[in-house]
Amino acid sequence: MKLNKLVLASALLLTSAATALASNDAKMDKFIDDLMGKMTVQEKIGQLNLPVTGEIVTGQAKSSDVASQIKAGKVGGLFNLKGVDRIRDVQRVAVEEGRLHIPLLFGMDVIHGYETVYPIPLALSCSWDMPAIQHSARVAAIEASADGICWTFSPMVDICQDARWGRIAEGSGEDPYLGSRIAEAMVKGYQGDLTRNDEILACVKHFALYGAPEAGRDYNSVDMSHWRMFNEYFPPYKAAIEAGAGSVMASFNIVDGVPATGNRWLMTEILREKWNFDGFVVTDYTGIYEMIAHGMGDLQDVGRLALQAGVDMDMVSDAFVGTLEKSLEEGLVSMSDIDTACRRILEAKYRLGLFDDPYKYCDLSRPAKQVFTPEHRADARKLATETFVLLKNQDNLLPLQAKGKIALIGPLANTRENMPGTWAVAAVSSKYSTLVEGFKAAVGNKAEILYAKGCNLMYDETDEKNATPFGRAMRDNRSDKEMLDEALAVAAQSDVIVAALGESSEMSGECSSRSDLEMPSSQRDLLKALLATGKPVILLHFSGRPVVLTWENENVKSILQVWFGGSETADAIADVVFGKVAPSGKLTTSFPQCVGQEPLHYNTFNTGRPILPEDEGFVKFKSNYLDVRNDALFPFGYGLSYTTFDYSDLTLSAAEMSVNGAIEASVTITNTGNYDADEVVQMYIRDMVGSVVRPVKELKGFQRISLKKGESKKVTFTIDAELLKFYNAKLDFVCEPGEFEVMVGPNSRDVKVKKFFLK
Ligand code: BGC
């Protein structure tokens, strides 16, 4: 009886929530109908225009070119304008001087935090900590919205299996399951329910397949089967949309031979008709214009193509404002094509509450209270410690004791600019610490921190070919020998050497593809010289991508992969190096043994000629290389701790499962070492026989747990039919009866296995 009442009450609640939503929608529709009834064709097209705002400065907005366009109703939004006062000034022009008083959207690339910068997204994914990742997006939204931003071009959810592609730094690695969970977490973190003035609109990007360019070269062509798209690359975009993402950004690449920006199958059939997306689509920077170079026609042709594909907003190409009116007159596009796109932009503004209060995100008093606050910084610091991956720790060199003389050596040891990592538009590097400062603060007067740069990032950074923006800025004009001599003198005085080496932050990210993934030779030579001193050497390795650490792994005892940890990098690294926190990050991208293995990912197919674990060296007529084994140097899911974990008693609740049922896989984890620490327990599944080939393993569950030393915990995963589904040859999402393997372990390689049957 009680239960019935409860069910009834919640049904009523749901019905009234649905009624409220429907009446809100009806109110919105009416408002937009009225507004659009007053708009001219030019004003409607103006809503579809998103120019960049570099030149707008406070006080001059009125006189600038963009300002007059805003007044004339030719602009729907602006992006990457920093500062709530400037944004308020520009918004004022739109709502007070524009004919119909339509507010603007203000977007920005708030990719991994605002002024409080979190680790780069690839690093964040290595925490496998969904609540913390969601919270990082929430903090980013609070800070960005305090500074006038209501729309972020994030999350970037492109799956990437190729370490050569520099933008692997901006995504969550190679796995669609983990990528989907992170995509949902980020969208929820940014948007909440989009009612408050500290919640902002997310933009899922880059739709689609941007992370699979041929040979890892940015903007290069993509060509893959639909079957692969659906199984490996689409899931995170779909998950983000199901989590309610309000906008989607089109990618630069082609899909099935048509640029994504002009691809109707992608933007309408998949996104809207199959996935029910009801937000708006924006192009990437000059995405429409670039279709001319792709060979799709002139500006008018490509503008029409994009609109009719389902793109609503034109970032920077000037194609919509420049050509749509003419296309309308010539009958090439219809009024309803333009109306549909215009309505979607106005709906986004309505949902953000900008028609109620265009200054909702323009409270001038907020930045001082809400940007770069001690709470936000503490949170970013804690999460950064979870992203570092301990790749090797022979002789337990780490953690270091704060005593004696510690030499911190390398081109990344004393730089501020490199700490935030790529795509940190709002970062203010002058506010962040260098590693030297972080180490000094951590040890106080218990130890002495010595520093030497040791070498430039590369020997020949002045050479155009090798120059990276930060690399060149960081260049020291002393000779290589002088720098090395200084480093060796510092090393000679020390008890232990910590080498801070790797990529500069701009060696990964957009347009930073690399064909060579080895450590630059200036730094490798420095490392060799430091090792030759015979002193213990710890390598802190910075990079925005997996690199080749084969030589380093053979020669250095301790390697901590620190990526780019954001504004709090220095303190977070010190926390882990000096043992305040045990490392717990696990790789979400395979580290290759050499660049020739790329693209490399763990969830591969077996082939008809697989090599077996017991096969040694090269095996003729099997799928392997003459000169390197197939496996990663450090596999997906891998990462050590200061403690050790024992996995035991993997059990399944039943050996058979029906399609309507579920079984549980449980395992006991024991902290068998001397540190309290976190562990990421991972479950993989293999479908042994299918109507199409199935991967040798796929991540299907994970849990991040904390264990005190000596403590044991039982971790349980539920497996149901949904988890076993995949897209078959007809692209139906199905699960097929038969045998499955469940694998549980600390990474994708070292797993315990049990089997069950799906009936
Ligand atoms: C990038 C996008 C970014 C946009 C706006 C483009 O170059 O591909 O990820 O959001 O610029 O800054």
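It should be emphasised that the depicted structure is a prediction, and the values quoted were computed from it without experimental measurement.

1. Some details on the overall build of the protein
Here's step 1: Helix and strand content of the protein: 22 helices and 26 strands.
Here's step 2: The C-alpha radius of gyration of the protein comes to 27 Å, within 12% of the 27 Å expected for a compact globule of 759 residues.
Here's step 3: Once the C-alpha set of the protein is aligned to its principal axes, its extents read approximately 80 × 70 × 60 Å.
Here's step 4: Taken across its 759 residues, the protein has 59% of its residues classed as buried.
Here's step 5: Contacts spanning at least 24 positions in sequence make up 78% of the contacts within the protein whose residues lie at least 6 apart.
Here's step 6: Of the accessible surface of the protein, which amounts to about 28,900 Å², a share of 52% is contributed by carbon and sulfur atoms.

2. Regarding the sheet that holds strand β19 (residues 662-671)
Here's step 1: If you walk across this open sheet you meet the three strands as β17-β19-β22, and the pairing is antiparallel. Edge positions in the open sheet fall to β17 (645-652) and β22 (712-720), since each of these has one partner strand only. For this sheet, the mean angle separating the axes of adjacent strands, direction not counted, is 20°.

3. Considerations on the environment of Ala250
Here's step 1: Within the element layout of this structure, Ala250 appears in strand β6 (residues 247-250).
Here's step 2: Here Ala250 falls in the buried class, since its relative accessible area comes to 0%.
Here's step 3: Along the sequence, Ala250 and Met483 sit 233 residues apart, while their C-alpha atoms lie 46 Å from each other.
Here's step 4: Look past the residues within four positions of Ala250 in its chain and what remains in contact with it is His206, Phe207, Thr261, Met267, Val281, Val282, Thr283 and Asp284.

4. Thoughts on the confidence of the model for the protein
Here's step 1: Predicted confidence across the protein gives a mean pLDDT of 95, with 95% of residues reaching 70 or more.
Here's step 2: Contacts of residues 55-63 to residues separated by more than four positions or lying in other chains number 21 contacts, the stretch itself having pLDDT below 50.

5. Section: the site of the ligand
Here's step 1: Around the ligand lies a shell of 14 residues, among which Asp109, Arg167, Lys205, His206 and Asp284 are the nearest.
Here's step 2: Between the ligand and Arg167 there is a distance of 2.6 Å, counted from an oxygen atom to a side-chain nitrogen or oxygen.
Here's step 3: Protein coverage of the free-state accessible area of the ligand, which is 310 Å², stands at 95%.
Here's step 4: Counted by class, the shell around the ligand contains seven nonpolar, two polar and five charged residues.

6. Section: the packing of helix α8 (residues 226-233) against helix α10 (residues 264-274)
Here's step 1: At a minimum axis separation of 15 Å, α8 and α10 run at an interaxial angle of 55°. Relative to α10, α8 is oriented oblique. For the pair α8 and α10, the sense of crossing is right-handed. On α10, the residues that touch His226, Met229 and Phe230 of α8 are Trp265, Ile270 and Lys274.
Here's step 2: Broken down by class, the residue content of the contact of α8 with α10 amounts to four nonpolar, one polar and one charged.

7. Regarding the pattern of salt bridges
Side chains bearing opposite charge may pair, as long as their charged atoms lie close to each other.
Here's step 1: Inspection of the entire model under this criterion finds 50 salt bridges.
Here's step 2: The partner of Lys30 in a salt bridge is Asp34, with the nearest N and O atoms 2.8 Å apart. Separated by four residues within a single helix, Lys30 and Asp34 lie in helix α1 (residues 2-38), roughly one turn from each other.
Here's step 3: The network of salt bridges with shared partners includes Asp129, Lys382, Glu386, Asp678 and Arg704.

8. Structural notes on unusual backbone geometry
Here's step 1: In this model, Ser154 is joined to Pro155 through a cis peptide bond whose omega is 5°.
Here's step 2: Position of Pro155 relative to the elements: it lies in the loop between β4 (151-152) and α7 (176-191).
Here's step 3: Of note, the amide linkage connecting Glu598 to Pro599 takes the cis form, showing an omega dihedral of -5°.
Here's step 4: With respect to the element layout, Pro599 can be found in the loop between α22 (569-577) and β17.
Here's step 5: If you check the backbone angles, Thr286 has positive phi at about 55° while not being a glycine.

9. Some points on the side chain of Glu43
Here's step 1: As for its position among the elements, Glu43 is in helix α2 (residues 41-46).
Here's step 2: Overall, the relative accessible area of 10% leaves Glu43 in the buried class.
Here's step 3: For Glu43, the side chain forms a polar contact with the side chain of Arg99, separated by 2.8 Å.
Here's step 4: When near neighbours in sequence (up to four residues on either side) are disregarded, Glu43 contacts Lys38, Gly73, Arg99 and Leu100.

10. Details of the environment of Gly454
Here's step 1: Relative to the assigned elements, Gly454 resides in the loop between β13 (447-452) and α18 (469-473).
Here's step 2: By relative accessible area, which is 2% here, Gly454 ends up buried.
Here's step 3: Each C-alpha atom of the pair Gly454 and Ile409 lies 6.2 Å from the other, and the pair is 45 residues apart in sequence.
Here's step 4: Ignoring any residue separated from it by four or fewer positions in sequence, one finds Gly454 in contact with Ile409, Met483, Leu484, Ala487 and Leu526.

11. Details of the nonpolar core
Here's step 1: In terms of nonpolar packing, the biggest core is built from 122 residues, with Trp151, Phe207 and Phe234 touching the most fellow members.
Here's step 2: Look past the residues within four positions of Phe207 in its chain and what remains in contact with it is Phe234, Tyr237, Val248, Met249, Ala250, Ser251, Ala260, Leu266, Met267, Ile270, Leu271 and Trp275.
Here's step 3: By size, the runner-up hydrophobic cluster in this structure holds 96 residues, among which are Phe564, Ile573, Ile669 and Ile719.

12. Topic: helix α13 (residues 319-329)
Here's step 1: The set of residues buried in α13 consists of Ala319, Phe320, Thr323, Leu324 and Ser327. End-on view of α13: buried residues confined to an arc of 115°, all on one side of the axis. Opposite the buried face of α13, at more than 90 degrees from it, the exposed residues are Gly322 and Glu329.
Here's step 2: Residues of α13 that are buried in the fold lie against α2, α12 (299-309), β10 (314-315) and α14 (335-351).

Rules of the game
- Residues numbered from 1 in each chain as written.
- Predicted model: local features only at pLDDT ≥ 70, side-chain atom pairs only at ≥ 80, totals over all residues.
- Heavy atoms only, no water.
- Helix = DSSP H or I, 4+ residues; strand = E, 2+ residues; numbered from the N terminus.
- Rg over C-alpha atoms; globule rule 2.2 N^0.38 Å.
- Buried < 20%, exposed > 50% of the residue type's maximum accessible area, 1.4 Å probe, protein only.
- Contact = heavy atoms within 4.5 Å.
- Areas by Shrake-Rupley, 256 points an atom, 1.4 Å probe, with all protein chains shown as cover.
- Pairing = 2+ DSSP bridges.
- Axes fitted to C-alpha atoms, helices over the stretch in contact; angles between N-to-C directions.
- pLDDT = per-residue confidence, 0-100.
- Near = heavy atom within 4 Å.
- Polar contact = N/O pair within 3.5 Å; in protein donor to acceptor, adjacent residues only side chain to side chain.
- Nonpolar A, V, L, I, M, F, W, Y, C, P; charged D, E, K, R; others polar.
- Parallel < 35°, antiparallel > 145°, perpendicular 65-115°, else oblique.
- Left-handed = near helix turned anticlockwise from the far one by under 90°.
- Salt bridge = Lys/Arg side-chain N within 4 Å of Asp/Glu carboxyl O.
- Core = buried A, V, L, I, M, F, W, Y, C linked by side-chain atoms within 4.5 Å.
- Arc of directions from axis to C-beta.

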